[in-house]
Amino acid sequence: DVKVTQSSRYLVKRTGEKVFLECVQDMDHENMFWYRQDPGLGLRLIYFSYDVKMKEKGDIPEGYSVSREKKERFSLILESASTNQTSMYLCASSFRGGGPLPLHFGNGTRLTVT
Amino acid sequence: AQSVTQPDIHITVSEGASLELRCNYSYGATPYLFWYVQSPGQGLQLLLKYFSGDTLVQGIKGFEAEFKRSQSSFNLRKPSVHWSDAAEYFCAVAIDNYGQNFVFGPGTRLSVLP
């Protein structure tokens, strides 16, 4: 069974702090994604990566960066956290190719910025 | 622009009653469609998907969905709801063939009365 693990379930950070959200998958998936989930807005893509060291901006990349140094790990970085980045963050992964294969999600990290 | 709408923000049904959750999409080409479920405090889990072929697809937990091209719809159904089905349900469409670009609906929250 595919496992996508997000290192923290809950995080509380102060405005201006640098925040790292970590995600690890164990199924050798090429694609990895970071989504932000807000009530009434569904999931919005922040960044995705289709290979090591490769990244593509999603719909809402402002204020975020990502890092993928190893295939199984995809990190989301908030360079200077702000209160409007308080949200649920979901990591997902999938195989690449052969059509759009389903995403496998982690359990999410609920980030509060005060 | 591609979009997914779920007209019902919140639905309440009694345990044992039937359920239909609506999903409409806006996408020019043949869509790849998905339904995901998110239980409280969890990530999203795939319920079912439609790529081609039979327009009625079966999923896990007794769910099914019907693709209607003429109505641009992909409604989710279950004949008899269980209390454990209380969750949030998301419809999604993949808008590329590489599984790197998904559009999610805003979600429908399902409450189940005993």
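Small disclaimer: the values here were computed from a predicted structure and weren't measured.

### Quick word on the sheet that holds strand 8 (residues 73–78) of chain A
Residues and elements named next belong to chain A.
- The strand order across the open sheet built from 4 strands is 1-3-8-7, with neighbouring strands paired in antiparallel fashion. With partners counted over all chains shown, the strands left at the sheet margins are strand 1 (4–6) and strand 7 (64–70), one partner each. The mean angle between the axes of side-by-side strands here comes to 20 degrees, regardless of whether they run parallel or antiparallel.
- Judged from the 3 bridges that link them, strand 1 and strand 3 (residues 19–25) form a sheet pairing that is antiparallel. Directly across from V4, in strand 3, lies its bridge partner Q25.

### Some thoughts on the interface of chain B and chain A
- Each partner contributes residues to the interface: chain B has 22 residues there, and chain A has 24 residues.
- Across the interface of chain B and chain A, roughly 1800 Å² is buried in total on both sides, 57% from carbon and sulfur atoms.
- If you sort the residues of chain B by the area they bury against chain A, L44(B), Q100(B) and F104(B) come out on top, with a joint share of 31%.
- If you look at where chain B meets chain A, you find 0 salt bridges.
- Linking chain B with chain A are 4 residue pairs in polar contact (both at pLDDT 80 or more), by the criterion used here.
- Those elements that provide at least two residues to the side of chain B that touches chain A are strand 5 (32–38), strand 6 (44–50), strand 10 (87–94) and strand 11 (102–104) of chain B.
- In terms of residue count, strand 5 of chain B provides more of the side of chain B that touches chain A than any other element does, 4 residues in total.
- Classifying every residue of the side of chain B that touches chain A by side-chain character gives 12 nonpolar, 8 polar and 2 charged.

### Side note on the state of the cysteines
All names here are of chain A.
- Counting across every chain of the model gives 2 disulfides over all chains.
- There is a disulfide in this structure between C23 and C91, and the S-S distance comes to 1.9 Å. Because the torsion about its S-S bond is -75 degrees, the bridge between C23 and C91 counts as left-handed. Of the two residues, C23 is situated in strand 3 and C91 in strand 9 (residues 87–94); the sequence distance between them amounts to 68 residues. Of the two residues examined, C23 and C91, each falls in the buried class.

### Things to note about the layout of surface pockets
- Empty space within the largest pocket amounts to approximately 520 Å³.
- Forming the boundary of the largest pocket are 28 residues, of which Q37(A), P39(A), R110(A), Q38(B) and E88(B) lie nearest the centre.
- Going through the elements one at a time, strand 4 (31–38) and strand 9 of chain A together with strand 10 and strand 12 (108–113) of chain B are the ones with two or more residues in the lining of the largest pocket.
- Residue contributions to the lining of the largest pocket peak at 3 residues, all from strand 10 of chain B.
- In terms of residue class, the lining of the largest pocket is made up of 11 nonpolar, 12 polar and 5 charged.

The rules behind each value
- Residues numbered from 1 in each chain as written.
- Chains lettered and ligands numbered in written order.
- Predicted model: local features only at pLDDT ≥ 70, side-chain atom pairs only at ≥ 80, totals over all residues.
- Heavy atoms only, no water.
- Pairing = 2+ DSSP bridges.
- Helix = DSSP H or I, 4+ residues; strand = E, 2+ residues; numbered from the N terminus.
- Axes fitted to C-alpha atoms, helices over the stretch in contact; angles between N-to-C directions.
- Contact = heavy atoms within 4.5 Å.
- Buried area = accessible area lost by both parts, 1.4 Å probe.
- Salt bridge = Lys/Arg side-chain N within 4 Å of Asp/Glu carboxyl O.
- Polar contact = N/O pair within 3.5 Å; in protein donor to acceptor, adjacent residues only side chain to side chain.
- Nonpolar A, V, L, I, M, F, W, Y, C, P; charged D, E, K, R; others polar.
- Disulfide = S-S within 2.5 Å.
- Buried < 20%, exposed > 50% of the residue type's maximum accessible area, 1.4 Å probe, protein only.
- 1 Å grid on protein atoms, 1.4 Å probe; cavity = no way out; pocket = protein on both sides within 12 Å on 5 of 7 lines; lining within 4 Å.
- Points joined across faces, edges and corners; volume = space filled by probe spheres on them.

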